[in-house]
Amino acid sequence: MTKYIFTIIILAAGIADAAELEQEQLYSLANEASLLFRAGNELSVSDEQAAAEKYQAAILRYKRIIEEGQIENGYLYYNIGNGYLLRGEIGHAIANYKRAMRLGLQSPELMKNLDYARGQREDEITLRAEKKVLETLFFWHYDISERGRFIALTICWILTCIMLAWGWGKVRGLVWGGVVVGLVGLAWAGSVAATEFDKAVSIEGVIVCNSVTGRQGDGVNYPSSFEGDLHEGTEFVVLESRKDWLHVELGNGTDTWLPSEAVECVSQCVSH
């Protein structure tokens, strides 16, 4: 991956009345962040520490747009992820790339940078066999973006209506073709619905510290779950949370408890 990641910022056309920052301030922050990002790129070869400081300053401005301007879109989180990636903080980078994806951004650049960040992880956690089978059988669900699947659904719906309208009572083959296309459309609809349901009910997270010990319970007095520690960038799904601890499931199906201070959730973690 090139050191000079291309960055883009898109602000919402309409700014909510409740936003604490005025439109002019938002665009000023976006412009400052872009300039800081470019300055970091220019310094990355000669002074890595100074470059890291520029990236951090850019990240903070993007976060102000989100928090104080009450604006969220995939491009903002994509840029934040880029800043963290160039700072070498792969855990924070992965978390923000995944936030961008949850908001519908599925650009090739995002996927390339996400794959690069994942490639820097120390932990190699193999997906459990049944999940691998599902991803192979339903590759169209996992490999095609939600937007792409929604477009396919729309096309199938339009074609089904046209074929049934033209063929009903006239051309039986056209009617059957419409039925087949309609069934394909139902599959796309189910895929989109499954994605939306998963986003609504599942909480994903990423380890953001250098290393952390997974425990068999919600406290440091519990024995460790594994022989070694888990490391930055390892992803998980939250099963439950208790005060300052999260019960999580890793990609290989194993579960453990992690201190909340060592992780970052892609969506909000709720304590019980």
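Cut-offs applied
- Residues numbered from 1 in each chain as written.
- Predicted model: local features only at pLDDT ≥ 70, side-chain atom pairs only at ≥ 80, totals over all residues.
- Heavy atoms only, no water.
- Helix = DSSP H or I, 4+ residues; strand = E, 2+ residues; numbered from the N terminus.
- Contact = heavy atoms within 4.5 Å.
- Areas by Shrake-Rupley, 256 points an atom, 1.4 Å probe, with all protein chains shown as cover.
- Salt bridge = Lys/Arg side-chain N within 4 Å of Asp/Glu carboxyl O.
- Buried < 20%, exposed > 50% of the residue type's maximum accessible area, 1.4 Å probe, protein only.
- Core = buried A, V, L, I, M, F, W, Y, C linked by side-chain atoms within 4.5 Å.
- pLDDT = per-residue confidence, 0-100.
- Patch = residues over 30% accessible without salt bridge, like charges linked within 9 Å, V, L, I, M, F, W, Y side chains within 5 Å.

1. A closer look at the overall build of the protein chain
Alright, step 1. Scanning the protein chain from terminus to terminus reveals 9 helices and 7 strands.
Alright, step 2. Restricting the contact set of the protein chain to residue pairs at least 6 apart, pairs at least 24 apart contribute 62%.
Alright, step 3. Carbon and sulfur atoms provide 55% of the accessible area of the protein chain, an area that totals close to 15,400 Å².

2. What about the pattern of salt bridges?
Alright, step 1. Following the criterion strictly, the structure yields 11 salt bridges and no others.
Alright, step 2. The partner of Glu 32 in a salt bridge is Arg 61, with the nearest N and O atoms 2.8 Å apart. Note that Glu 32 is positioned in helix H1 (residues 23-43) and Arg 61 in helix H2 (residues 48-67), a separation of 29 residues in sequence.
Alright, step 3. Taking relative accessible area as the criterion, Glu 32 reaches 32% and is therefore assigned partly exposed.
Alright, step 4. Of the charged contacts in the structure, one is a salt bridge between Asp 218 and Arg 242, with a shortest N-O distance of 3.8 Å. A residue pair is termed long-range when its members are at least 10 positions apart, and Asp 218 in the loop between strand E2 (211-212) and strand E3 (230-231) and Arg 242 in strand E4 (residues 235-242) qualify at 24 residues.

3. Points about the nonpolar core
Alright, step 1. Residues Tyr 62, Ile 65, Ile 80 and Tyr 97 are the most contacted members of the largest nonpolar core, which totals 33 residues.
Alright, step 2. Looking at this core, the elements that each hand over two or more residues are H1, H2, helix H3 (74-87), helix H4 (90-102) and helix H5 (108-119).
Alright, step 3. The element best represented in this core is H2, accounting for 8 residues.
Alright, step 4. Core analysis: the second largest hydrophobic core is formed by 13 residues, Leu 230, Leu 246, Leu 250 and Leu 258 among them.

4. A look at the confidence of the model for the protein chain
Alright, step 1. Predicted confidence across the protein chain gives a mean pLDDT of 84, with 83% of residues reaching 70 or more.
Alright, step 2. Confidence over residues 8-18 falls short of pLDDT 50; this stretch has 22 contacts with residues more than four positions distant or in other chains.

5. Some points on a nonpolar patch on the surface
Alright, step 1. A cluster of nonpolar side chains, contributed by Trp 157, Ile 158, Ile 162 and Trp 166, occupies part of the molecular surface with about 500 Å² of accessible area.
Alright, step 2. Relative to the helices and strands, Ile 158 resides in helix H8 (residues 146-167).

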